[in-house]
There are 2 protein chains.
Amino acid sequence: MHSGVGTSKSRMLYLLLRERIDSGVWAPGARLPSEPVLAQEHGISRVTVRRALDALEEDSLIRRHAGAGTFVAESGKPKPIVADFANLLAHIVDMGNATSVKLLSFSYEIPSQDVATELGLQPAERVQHSVRVRLTDGQPFSYLVTDVPESIGVNWSEAELAARPLLALLERSGVTAERATQSVSAVLAGPDAAAALQVDVGSALLEIRRTVYDSANRGIEHLHALYRPDRYIFQMDMKRTTRDGNRRWTPVEHPDRGAQRSPRNTRPHHRLSTPSTRVVSHD
Amino acid sequence: MHSGVGTSKSRMLYLLLRERIDSGVWAPGARLPSEPVLAQEHGISRVTVRRALDALEEDSLIRRHAGAGTFVAESGKPKPIVADFANLLAHIVDMGNATSVKLLSFSYEIPSQDVATELGLQPAERVQHSVRVRLTDGQPFSYLVTDVPESIGVNWSEAELAARPLLALLERSGVTAERATQSVSAVLAGPDAAAALQVDVGSALLEIRRTVYDSANRGIEHLHALYRPDRYIFQMDMKRTTRDGNRRWTPVEHPDRGAQRSPRNTRPHHRLSTPSTRVVSHD
DNA sequence: GAAAGCTGTCTGATAAATAAGTCAAGAGGC
DNA sequence: GCCTCTTGACTTATTTATCAGACAGCTTTC
């Protein structure tokens, strides 16, 4: 699991420098090594270095001044939304930020074998398959692919799916979500997700796969979600507790629960007191 | 946030096809479109298509038979470890799998500004900075960068850090981890992490940033961890509960708690009954 | 003001990726 | 057997990435 038609040198340097910048190794305002130095350090030519820097500049991660040097941009980047993981079915802010949904695809079809197994469907049973993008202030941040058994999905229309959260539609249809299991991973953006999320193909995306079951333990929804990590971050707070004699960690909810904007870039750990916000349950 | 010195066409196709394979769109055993068809579909030449297929074949994701066609490999890939997110400080199996640690770096230095802020350090206060790789059966799956305030870190040696979990060393030193806050994201592998985890630069990695605080609310550890998503997956089970009048989701622990091997590839949702396993707390 | 170092912008040469096409050999349907 | 479609292995041309320089203009330092 490690080939993959190699990445170009300029892109590799771009990735390396970007990591150093937004991981805080190079603080905002700091000066980068000069182009000749970078070239020599990595054994590449200056033209290639400049290609990488061009890309960083286009991302407004750096600022270049002829004669002076290249510097890490002061902030520029908008802060990502922080969603509490404990509340899990991720909550979105509406702290003045309008979140909207765009429905990209809607159809009834035979699910992939994995989804069928996950939902516990009959061999030829079909699902309502939909692809949606969620945006905040017009900026896409999540790419949601959902599969719902046809028998349940028929209870709402295409338009309703675009307007209301899926969970609300489910409950309105008489089924009650009782438990869910989900896994978190990371994937590279494919062409469709990249286009929908307005990122490059090959960008890193946070991936969540979730299956929701009703009280009769039947699968009622399967979600495959991809999130832009620069706009959306999952967070959990844990407390050390003692149970059954041994100490362990248990998740706690935020004091100011629900989602919020992070104070610092990709490191939204310390909390700032926020007035209570209205949260809505989404996928 | 969407430039980045573009990815080559062959790599783009490689990523696209790989996504379709391990997302289950193309089931194992299924036949891929022929090389000429793929070339025309994506508007690229057949040579380029073959480059992508070469890479997939090297990953043993596909099998090619001259005259017959190209097929999705039956399984090949080892299953990833599944770690329960609710138990959070991730637990590792020892279901016959030996997990070991390799210490790559160990030093005392001035932390990055982000880490200093996170830990609440004095301006010039130093930290014990370490980089470790965790392996199971000799296969690396996590890349751990930890920072501990120097005053605490002096309580153990380099050798001890390589041998025992950091949390155990912390508690032995008299400090008690009381609460932690962590965020989950996704990043592209940089050169160092890529080398340590034996993946390509530019692969997708699951990223966790965690700060642990003691009972006096002082930061005692900062962790920056990168996980190979093909070998390690985080999982959470949720239950719908009613509290304060409204229904919400709360995390539950697994019936057979602790980590385990997943039955199916990257979709480890349905559980298989496992005999109780011994788990150790790690970073 | 002079010097040193930096970015910006060129040049010309080389290496790699890609395109377009040909031909051979295996597999499967008829 | 025969036809068709497939992968495998070539060739040649074009485009793109990369290299190794050179030079001008700007900024900072001394």
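The residue numbering used here restarts from 1 in each chain and proceeds along that chain's sequence as written. Both sets of labels track the order of writing: A upward for chains, 1 upward for ligands. Under the rules for a predicted model, residues below a pLDDT of 70 receive no local features and side-chain atom pairs below 80 are neither given nor counted, while totals for whole chains, interfaces and linings still include all residues. Only hydrogens and water are removed before side-chain values are computed, so all heavy atoms of the structure are retained for them.

A.B. asks: Would you take a moment to explain the packing of aromatic side chains for this structure?
C.D. replies: We describe a pair of aromatic rings using the distance from one ring centre to the other and the angle between the two ring planes. Each Phe, Tyr or Trp ring, with Trp reduced to its six-membered ring, pairs with another whose centre is within 6.5 Å; inter-plane angles below 30 degrees give stacked pairs, above 60 give edge-to-face pairs, and intermediate values give tilted ones. Applying the stated criterion across every chain yields a total of 10 aromatic pairs over all chains. When the ring of Tyr227(B) is compared with that of Tyr232(B), the centres are 4.9 Å apart and the planes differ by 10°; the resulting orientation is stacked. For the pair Tyr227(B) and Tyr232(B), one class covers both residues: buried. Consider the rings of Tyr232(B) and Phe234(B), whose centres lie 5.1 Å apart with planes at 85°: the pair is edge-to-face. The pair formed by Tyr232(B) and Phe234(B) is uniform in burial state, with each residue classed as buried. Every member of this aromatic cluster is reached through a ring pair, and the members are Phe141(A), Tyr227(A), Tyr232(A) and Phe234(A). The ring of Tyr213(A) has Arg179(A) lying over it, and the distance from NZ or CZ to the ring centre is 4.2 Å. Residue exposure (1.4 Å probe, protein chains only): buried if accessible area is under 20% of the type maximum, exposed if over 50%, otherwise partly exposed. As a reminder, the over-ring test applies to NZ of lysine and CZ of arginine, requiring each to be within 6 Å of the ring centre and within 35 degrees of the ring normal.

A.B. asks: Looking at this structure, how should I read the packing of helix α1 (residues 9-22) of chain A against helix α3 (residues 46-58) of chain A?
C.D. replies: Each pair of packed helices can be described by the angle between their axes along with the distance between the axes. Residue and element names in this part refer to chain A. It is the contact of α1 with α3, at a shortest axis distance of 8 Å, that shows an interaxial angle of 50°. Taken together, the axes of α1 and α3 are oblique relative to one another. As α1 runs across α3, the sense of the crossing is right-handed. Two secondary-structure elements touch here, α1 through Lys-9, Ser-10, Leu-13, Tyr-14, Leu-17 and Arg-18 and α3 through Thr-48, Val-49, Arg-51, Ala-52, Leu-53, Ala-55 and Leu-56. Its residues placed into classes, the contact of α1 with α3 shows 8 nonpolar, 2 polar and 3 charged. What counts as an axis is a line fitted to C-alpha atoms, over the stretch in contact for a helix, and the angles between N-to-C directions run from 0 to 180 degrees. The numbering of helices and of strands both runs from the N terminus, where a helix is a DSSP run of H or I of at least 4 residues and a strand a run of E of at least 2. The labels follow the angle: roughly parallel below 35 degrees, roughly antiparallel above 145, roughly perpendicular from 65 to 115, and oblique for the rest. Note: crossing handedness is left-handed where the near helix turns anticlockwise from the far helix by less than a right angle, and right-handed where it turns clockwise. Contact between two residues is taken to exist if any of their heavy atoms lie within 4.5 Å; hydrogens are not considered. Amino acids outside the nonpolar list (Ala, Val, Leu, Ile, Met, Phe, Trp, Tyr, Cys, Pro) and the charged list (Asp, Glu, Lys, Arg) are all regarded as polar, and Gly is one of them.

A.B. asks: Can you walk me through the protein's contact with DNA strand D in this structure?
C.D. replies: Any residue with a non-hydrogen atom lying within 4 Å of a molecule or strand is treated as near it. Inspection of the region around DNA strand D gives 25 residues, with Lys9(A), Ser45(A), Thr48(A), Arg46(B) and Gly67(B) positioned closest. Sugar and phosphate atoms constitute 68% of the interface atoms of DNA strand D, taking the interface as everything within 4 Å of the protein. We define a polar contact as two N or O atoms separated by no more than 3.5 Å, with the added condition that, inside protein, one atom must be a possible hydrogen donor and the other a possible acceptor, whereas residues neighbouring each other in sequence contribute only through side-chain atom pairs. For DNA strand D, a phosphate oxygen lies 3.0 Å from a polar atom in the side chain of Ser10(A). A distance of 2.6 Å separates a phosphate oxygen of DNA strand D from a polar side-chain atom of Thr48(A). Going through the elements one at a time, α1 and α3 of chain A together with α2 (35-42), α3 (46-58), β1 (62-65) and β2 (69-72) of chain B are the ones with two or more residues in the surface near DNA strand D. At 4 residues, the largest contribution of residues to the surface near DNA strand D is made by α3(A). Partitioning the surface near DNA strand D into residue classes produces 6 nonpolar, 11 polar and 8 charged.

A.B. asks: Whenever I open this one, the pattern of salt bridges confuses me. Can you help?
C.D. replies: Oppositely charged side chains are able to pair whenever their charged atoms sit close together. Definition used for salt bridges: Asp or Glu carboxyl oxygen within 4 Å of a side-chain nitrogen of Lys or Arg. Overall, the coordinates contain 22 salt bridges over all chains when judged by the stated rule. Linking Arg64(A) and Glu35(A) is a salt bridge whose minimum nitrogen-to-oxygen distance equals 3.5 Å. Here Arg64(A), found in strand β1 (residues 62-65), pairs with Glu35(A), found in helix α2 (residues 35-41); they are 29 residues apart in sequence, far enough to count as distant. A relative accessible area of 11% places Glu35(A) in the buried class. Glu57(B) is the partner of Arg64(B) in a salt bridge, and the nearest nitrogen-oxygen pair spans 3.2 Å. Its relative accessible area of 34% is what places Glu57(B) among the partly exposed residues. Bridged by salt links that share partners, the residues Glu35(A), Arg46(A), Arg50(A), Asp54(A), Glu57(A) and Arg64(A) form one connected network.

A.B. asks: Even after reading the chapter, I still don't get the nonpolar core, so can you show me in this structure?
C.D. replies: Across soluble globular proteins, nonpolar side chains have a tendency to be buried as a group. Here, nonpolar core refers to any group of buried Ala, Val, Leu, Ile, Met, Phe, Trp, Tyr and Cys residues whose side-chain atoms link them within 4.5 Å. Tyr143(A) and Tyr143(B) are the most contacted members of the largest nonpolar core, which has 98 residues in total. Ignoring any residue separated from it by four or fewer positions in sequence, one finds Tyr143(B) in contact with Leu104(B), Val131(B), Arg132(B), Val133(B), Asp192(B), Ala193(B), Ala196(B), Leu197(B), His224(B), Ala225(B) and Leu226(B). Counting residues in hydrophobic clusters, the runner-up holds 33 residues, among them Val148(B), Ala177(B), Val212(B) and Met238(B).

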